[in-house]
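Survey of secondary and tertiary structure
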Amino acid sequence: MPGRYYQTTPIYYVNDAPHLGTAYATVCADALSRWHRLIGDETWFVTGTDEHGLKILRAAESNGVSAREWVDRTSSRFVEAWKALGLSNDDFIRTTEERHFRSVQTFMQAIYDNGHLYKGTYEGWYCVSCEAYYNEEDLLDHNRCPVHEKPVEWFTEENWFFALSKFGERLSEWYGAHPGAIFPETRRNEALGIIRSGLKDISITRTSISWGIPVPWDPEHVFYVWYDALVNYISAIGFGSDHDRFEKWWPAVHHLLGKDIIRFHCVWWPAMCMAAGIDPPAHLLVHGFLLVGGRKMGKTAFNQVDPVELGEDVGNDALRYYLVRDFAIGHDGEFTYEGLIERYNSDLANNLGNLLARVATVVGSKAAGIGPPPQRRPDGSASRLAETAAAVVGEVREAWGRFAPHEGLEATWRLIRAANAELEAVAPWKLDPGPEADAVLGDALEVLRIVAVLVSPVLPDTAEEIWSRLGLGGSGSPAAPGNAGPEGILDWGGYPGGVPVTKGRPLFPRRSVE
RNA sequence: GGCGGCGUAGCUCAGUUGGUAAGAGCACACGGCUCAUAAUCGUGGGGUCGCGGGUUCGAGUCCCGCCGCCGCUACCA
């Protein structure tokens, strides 16, 4: 039964260009979204940029431009990067947009009206780069920030505080009633641990800067950047301005987020939603990090890789395949160029690409270039491949359903291998043209048809290409919504036969590790 | 300090509530095939499951200790 699926990524902070770590999260979200479209869910996929805060103001200053100019420029780099990688986001939300201002103000006003905000003062050592206060004992010598190792500054501010401490109980209850809300389970335990250990009220406004969203009832203040940023998830779906649209997508959301921001997403944000009188987000998917040499890849490290360049190098599909196949959502993984090329060669070139090539060639020589349909053996038996395909399709569905697309891909490749093995066993290139050769070729073509649909969330361009080479160009797209749904086309026997099969250039030319 | 995680074949990792000889992919070796992108198919070698104790008829799987690595630590995207 088709449902609704709203997918988000964290919105990225615009003090630098996108790197592979941000691309990883966005690619995962893209793949999940594409899968849900494929099974017929009504799907909405949003990413965007986070553009407020002192750090951005200073970045703009040091680059000699206005804050507005700076965020426009930097945000567009994200827009362009996702476009270059061929991602399928339906919307791109920026926190400097009017629609976001309105939603934040409506949302925060509701929390205020519900009595969960109060005025207090906050002072302490403040790291501008972190936009965070630190306890003195956490500082390095000479009062330096432990993250950036730069000197902190003593700030005193009158702030509005959110009474987070009042929500521990309700959060615990909610998570108790929704055991599947956080994936994977270890992250759920971590979030519960945070809640159990006691929550402190948090200051959510700043008066020291004006680059932010004004507090409606106290315009000297702007909202603290996190409090503004999290709201993007609902401002993107019309909170405060389009009630029907908001109701349609909320709370059927799947927030994808990094394990470093669990506190904000799994504690603050649900509490904020409760305080404002809306449901907490239904699903929080916590991903791991891409590591380089055992260290997190990130903008503060030197180990950045430009995802767009990498996509141009190996192809967007191959890059996405590597990211989704080699890294289980929820786990860290070691990123290497060699690993990427290894995956490319063994899975994409040798197994998938080569299967299509060899089948196309033999269809050309033994079936006059016209693809035969899958059919029964002369002895009346159905192909072993039919059985394998059915099992694999089920496994793929199940794997995506529990946020393990890497397992779905692994299963898909079992089917591809089985098709290669079946070809070896029958060796149609040795047979005279006829029913026996046609049968195995039809089976192989049918496998390729099914595979095209199954891989389309990760290899969308490749899926289309396979589709057209199988002669199916006239019959829609392998990625058409619902193709993997209950009324979909994944049952064995869908390849019609009688259509021209074209060989074409290698789908994935082998590459050497340089 | 506190909380949590990790350490399984050369590499990347699977291993449900402890029990049919410790697995997969890649890499490697041998053999087959030659339709295919020197691709593919089959077979095989290889692991004291970080270390040391303990519980048990039986532990990679539970308990204790140790070693190594890594996160989070309450206003960093």
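As a reminder, the structure under discussion sits directly above these lines.
Summarised in this report is the structure supplied together with it.

Here we take up the overall build of chain A. The helix and strand tally for chain A stands at 17 helices and 18 strands. In summary, chain A has a C-alpha radius of gyration of 26 Å against a globular reference of 24 Å for 514 residues, a match within 12%. Considering only C-alpha atoms, chain A reaches an extent of 85 × 50 × 40 Å along its principal axes. The buried share of chain A, reckoned over its 514 residues, is 58%. Taking the contacts inside chain A whose residues are at least 6 apart along the sequence as the reference set, 77% of them involve residues at least 24 apart. With an accessible surface of roughly 20,900 Å², chain A has 50% of that area assigned to carbon and sulfur atoms. Positive and negative charge centroids in chain A, built from 48 and 68 side chains respectively, lie 3 Å apart.

This part covers unusual backbone geometry. In this chain, Phe183 is followed by Pro184 through a cis amide linkage whose omega measures -5 degrees. Among the structural elements, Pro184 can be located in the loop between strand E8 (182-183) and helix H6 (185-196). Of note in this structure, Ala368 is not a glycine but carries a positive phi near 60 degrees. By the element assignment, Ala368 lies in the loop between helix H13 (337-366) and strand E17 (370-371).

This part is about a negative patch on the surface. Taken together, Asp242, Asp244, Glu247 and Asp279 make up a surface patch of like negative charges. Among the secondary structure elements, Glu247 is positioned in helix H9 (residues 243-249). Residue Glu247 is classed as partly exposed on the basis of its relative accessible area, which comes to 46%.

Attention now moves to helix H14 (residues 384-401). Relative to the 26 Å expected for 18 residues at 1.5 Å per residue, H14 spans 26 Å between its end C-alpha atoms, a close match to the ideal helical length. Among all positions of H14, only Leu385, Ala386, Ala389, Val392, Val393, Val396, Ala399 and Trp400 are buried. Down the axis of H14, the smallest arc covering the buried residues is 155 degrees, so these residues share one side. The exposed set on the far side of H14, more than 90 degrees from its buried face, consists of Arg384, Glu387, Ala390 and Gly401. Looking at the buried positions of H14, the neighbouring elements they touch are helix H1 (20-38), helix H15 (405-426) and helix H16 (435-455). Where H14 terminates, the next one or two residues include Phe403, which has phi positive at roughly 60 degrees.

Each value, and the rule that gives it
- Residues numbered from 1 in each chain as written.
- Chains lettered and ligands numbered in written order.
- Predicted model: local features only at pLDDT ≥ 70, side-chain atom pairs only at ≥ 80, totals over all residues.
- Heavy atoms only, no water.
- Helix = DSSP H or I, 4+ residues; strand = E, 2+ residues; numbered from the N terminus.
- Rg over C-alpha atoms; globule rule 2.2 N^0.38 Å.
- Buried < 20%, exposed > 50% of the residue type's maximum accessible area, 1.4 Å probe, protein only.
- Contact = heavy atoms within 4.5 Å.
- Areas by Shrake-Rupley, 256 points an atom, 1.4 Å probe, with all protein chains shown as cover.
- Lys, Arg positive; Asp, Glu negative; His and termini not counted.
- Charge placed at Lys NZ, Arg CZ, Asp CG, Glu CD.
- Patch = residues over 30% accessible without salt bridge, like charges linked within 9 Å, V, L, I, M, F, W, Y side chains within 5 Å.
- Salt bridge = Lys/Arg side-chain N within 4 Å of Asp/Glu carboxyl O.
- Expected span 1.5 Å × (residues − 1).
- Arc of directions from axis to C-beta.

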